[in-house]
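Residues per chain are reported as follows:
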Amino acid sequence: MRISPKTATLLVLAVLVALSPFFFPSNFYYRIGSLMFVNAIAVIGIVILTGYAGQISLGHAGFAGIGAYACALAPVHLGLHPGIAVFLGAAISGVLAWMVGRPILRLKGYYLGVATLGFGILVSMILTNERDLTRGPDGIDVPDLGLRALVNGLGLNLSNGQFWYFFSGICMILGAWIALNLFNSPAGRALRALHGSEVAARTVGVDVARMKLQAFVISAVYASISGSLLALQNRFVSPDIAGFMHSIEMVTMAVLGGVGSVLGAVIGAGILTLLPQVLTIFAEYEQLVLGLVMMLVMIFLREGLLPSILKRFRGRDE
Amino acid sequence: MSELLSIEGLGISFGGVKAVHDVSFKVKPGEIVSVIGPNGAGKTTLFNMISGIYRPETGRVVLNGEDVTGMEPHLLARRGMSRTFQNLQIFQSMTVLENAITGYHLQESGSVLADLFNLPASRRRAREAEAGARRLLERVGLERAAEREAGNLSYGSLKRLEIARALALGPKVLLLDEPAAGCNAVETEEIDHLIAEVAASGVAILLVEHDMKMVMRISNHIVVLDHGEKIAEGDPATVSRNPAVIAAYLGAEAEAEHADG
């Protein structure tokens, strides 16, 4: 039987999540693993926006910040369960993305990049300066999601690290499933079409502005959920989450892995989450080595790691 | 039969230069109208104004009785206008089949939520579009290339793919910008037949083409542009005898042929 690329990707991800713990040198790696998966969720959103639709955002960390602070603030001020706060954050992010994207995406060119850059900085400034609400740069505690107690009540005995590893892993696979559904769906085809040739997409009836806006909103929801999960597992959040560096990190992860590919996004997120841990041996040269790795990938594997490697294999087959 | 597409005094200028000036003509259902003229005569500019890519400065485009001047291309598509491009606009990284399916966008698109969660409604829409696209690929002779990446196809095949994608809309008016350019004699003849067949099914066809033999063979009506202005129109026989046309266009070619012979 032939398995579709979608099934293959999901299988690879499931095996990755299930089997990686057998190779962990210490329990600390559950923590790194769950960080990888949470980052991967945001990066899958970037794949939809940039890889499918060809639009660039430099402010997606703003949405991660909204998702994270929703989990910190909604339980305290609105009395909502942190789990519900995740959805509230996603809804706010989606609506904001719609409002920000609507006027901009009617324009051609790289306006979205500039506008989202501004949006991200704005969110980060509000989170830093509205001390009465957010406690400013010192950050704020996030309540317990309570799901681990529930799961362990069913007879499992997961440590906090283990729980978040598997929970983030499952969320990531869900996110990948949705993104892969989109890829081969009518809407996904329209996005890829306008990426390929905007003028041709318009002449076959694609409402280009509307489709770009949908991609932007969807990817904002991904970033928001990623931010929520990060805040919930850290039990703490600071405005750094909405910072410019975090936005750049998301885009870099996507580009490194291969911006058109969901599996590539996970690999890119994995490498760039893991690398700083490994590179601590380089101490103060860490950033330097990181930058060098990125440059080498861009020079020699321009389409990103996964697509370049796959292409090389296929080339050998023929 | 009354006209389906009516072009009334269209004009546009770029940087003070009149690219197209006061061009009018009409296209009826099932009719093939060709726009000819030397390079730079404004043929593609005219097409871009009719299909909503440029907004004309003067004049009107009337489609099926409705003024659609300067209307967005995706709204024109909804009203039954479809087109191909002189410099191919193919979705390179998609397969041939996917390219054809995008032509069914208006029929297959529905709720994006259904698409995200792979709901039965989304799958059914996609399946129907795929079946239609496969039939169209068969019609243009590309069914065996369906799964190949479009970027790897030959130029002639891409031309046919673009026509297939345009036909997927089920257009009332089809604008073809040099459909036979870069094609060999066999491919040109195939495209010839395809166009005649589409016209016979009642579609109004507007054609820009450099292959004069093809134009003379299949056109019901010819509009001649020179320096952005209409200098003649009529049936092929009338136009080919028109002295202004011979001077501006056919003359140049006749001289060239004479020199060849």
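Think of each chain on its own: its residues are numbered from 1, step by step along the sequence as written. Think of it this way: whatever chain is written first is A, whatever ligand is written first is 1, and the rest follow in order. In keeping with the model being predicted, local features are shown solely for residues with a pLDDT of at least 70 and side-chain atom pairs are shown and tallied solely at 80 or more, while totals for entire chains, interfaces and linings include all residues.

Under an unreviewed UniProt entry, the name given to chain B is ABC transporter ATP-binding protein, and the source organism is Paracoccus siganidrum.

The name recorded for chain A in an unreviewed UniProt entry is Branched-chain amino acid ABC transporter permease, from Paracoccus siganidrum.

## Quick look at the overall build of chain B
Threshold: The way it works is that DSSP assigns letters per residue, a run of H or I at least four long becomes a helix, a run of E at least two long becomes a strand, and they are numbered from the N terminus. Our radius of gyration is a C-alpha quantity, and the globule rule it is checked against amounts to 2.2 Å times the number of residues to the power 0.38. Three exposure classes are used, all based on how many other C-beta atoms lie within 10 Å of a residue's own C-beta (placed from the backbone): buried at 20 or more, exposed at 12 or fewer, and partly exposed between those limits. We call two residues in contact when the distance between their C-beta atoms, placed using the backbone, is within 7 Å.
Looking only at helices and strands, one finds eleven helices and ten strands in chain B. A compact globule built from 261 residues should have a C-alpha radius of gyration of about 18 Å, and chain B, at 19 Å, falls within 12% of that. Seen along its three principal axes, the alpha-carbon backbone of chain B occupies a region of about 65 × 45 × 40 Å. Split into buried and exposed, the 261 residues of chain B put 46% on the buried side. Look at the contacts in chain B between residues 6 or more apart in sequence, and 66% of them connect residues 24 or more apart.

## Things to note about the overall build of chain A
In terms of regular secondary structure, chain A is built from 15 helices and two strands. At 19 Å, chain A has a C-alpha radius of gyration in line with the 20 Å of a compact globule built from 318 residues. When its C-alpha atoms are laid out on the principal axes, chain A stretches across 50 × 45 × 45 Å. When each of the 318 residues of chain A is scored for burial, the buried share is 50%.

## A few points about the interface of chain B and chain A
Condition: Here the term charged refers only to Asp, Glu, Lys and Arg, the term nonpolar to Ala, Val, Leu, Ile, Met, Phe, Trp, Tyr, Cys and Pro, and the term polar to all other amino acids, Gly among them.
Listed by partner, the interface residues are 34 residues for chain B and 22 residues for chain A. Residues of the side of chain B that touches chain A, tallied by class, amount to 14 nonpolar, 13 polar and seven charged.

## Digging into the UniProt feature "transmembrane region" (unreviewed entry) in chain A
Residue and element names in this part refer to chain A. Applied cut-off: UniProt positions are given in the numbering used here, feature names are shortened, and annotations may be inferred rather than shown by experiment.
When the UniProt feature table is mapped to this numbering, "transmembrane region" (unreviewed entry) covers residues 35-54, 84-101, 110-128, 163-183, 254-275 and 287-306. End-to-end, the C-alpha atoms of residues 110-128 are 28 Å apart, and along that stretch the chain is 95% helix and 0% strand. Secondary structure across residues 287-306 comprises 80% helix and 0% strand; the distance between its end C-alpha atoms is 23 Å.

## Some thoughts on the nonpolar core
Spelled out, the test is: Linking buried Ala, Val, Leu, Ile, Met, Phe, Trp, Tyr and Cys residues through C-beta atoms within 7 Å yields a set, and such a set is a nonpolar core.
Formed by 175 residues in total, the largest nonpolar core has its most connected members in I41, V43, I44 and V47 of chain A together with I205 of chain B. Excluding residues that lie within four positions of it along the chain, V43 of chain A makes contacts with M250, M253, A254, A265, G268 and A269 of chain A.

## Structural notes on unusual backbone geometry
Residues and elements named next belong to chain B. The phi torsion at N64 lies on the positive side, around 55°, for a residue other than glycine. Along the chain, N64 turns up in the loop between strand 4 (58-63) and strand 5 (66-67). Located in the positive-phi region is N118, a residue other than glycine, with phi close to 55°.

## Here we look at the packing of helix 6 (residues 120-139) of chain B against helix 7 (residues 155-168) of chain B
Helix-helix packing is described using two parameters, namely the angle between the two axes and the distance between the axes. All names here are of chain B. Let me state the cut-off plainly: Where helices are involved, their axes are fitted lines through C-alpha atoms of the stretch in contact, as for all axes, and angles between N-to-C directions lie from 0 to 180°. The labels follow the angle: roughly parallel below 35 degrees, roughly antiparallel above 145, roughly perpendicular from 65 to 115, and oblique for the rest. Crossing handedness is defined as follows: a turn of the near helix away from the far one that is anticlockwise and smaller than a right angle gives a left-handed crossing, while the clockwise case is right-handed.
Viewed as axis vectors pointing N to C, helix 6 and helix 7 meet at an angle of 135°, and their least axial separation amounts to 10 Å. Taken as axis vectors, helix 6 and helix 7 run oblique relative to one another. For helix 6 against helix 7, the interelement crossing comes out right-handed. Contact residues: helix 6 offers G132, A133, L136 and L137, while helix 7 offers A164, L167 and A168. Residue composition of the contact of helix 6 with helix 7, by class: six nonpolar, one polar and no charged.

## Things to note about the confidence of the model for chain A
What counts, and what does not: Scored between 0 and 100, pLDDT is the confidence that the predictor attaches to each residue.
Mean pLDDT for chain A: 88, with 98% of residues reaching 70 or above. At the low end of the mean pLDDT range in chain A sits helix 15 (residues 305-317) of chain A, at 72; at the high end sits helix 11 (residues 208-234) of chain A, at 95.

## Side note on the packing of helix 2 (residues 28-52) of chain A against helix 11 of chain A
Residue and element names in this part refer to chain A. Contact geometry of helix 2 with helix 11 gives a least axis separation of 8 Å together with a crossing angle of 170°. What the angle tells us is that helix 2 and helix 11 run roughly antiparallel. Judged by residue contacts, S34, V38, N39, I41, A42, I44, G45, I46, I48, L49 and Y52 of helix 2 engage A215, F216, I218, S219, Y222, A223, I225, S226, L229, L230 and Q233 from helix 11. Split into classes, the residues belonging to the contact of helix 2 with helix 11 amount to 16 nonpolar, six polar and no charged.

## Some details on the environment of A97 of chain A
All names here are of chain A. As for its placement among the helices and strands, A97 is situated in helix 4 (residues 82-104). Since 29 C-beta atoms lie within 10 Å of it, A97 is described here as buried. In this structure, the C-alpha to C-alpha distance between A97 and A220, residues 123 residues apart in sequence, is 6.4 Å. Setting aside chain neighbours within four positions, we find A97 in contact with F63, F216, V217 and A220.

## Notes on helix 7 of chain B
All names here are of chain B. Defined as follows: Expected helix span is given by 1.5 Å per residue-to-residue step, counting one fewer step than there are residues.
Taking 1.5 Å of rise per residue, the 14 residues of helix 7 would be expected to cover 20 Å, and the 20 Å separating its terminal C-alpha atoms lies within 8% of that figure. Counting buried residues along helix 7, twelve of its 14 residues qualify, which places the element largely inside the surrounding structure. Those residues of helix 7 that sit buried are S157, L158, K159, R160, L161, E162, I163, A164, R165, A166, L167 and A168. Each element contacted by the buried residues of helix 7 is listed here: strand 6 (81-83), helix 3 (96-102), helix 6, strand 7 (173-177) and helix 8 (185-200).

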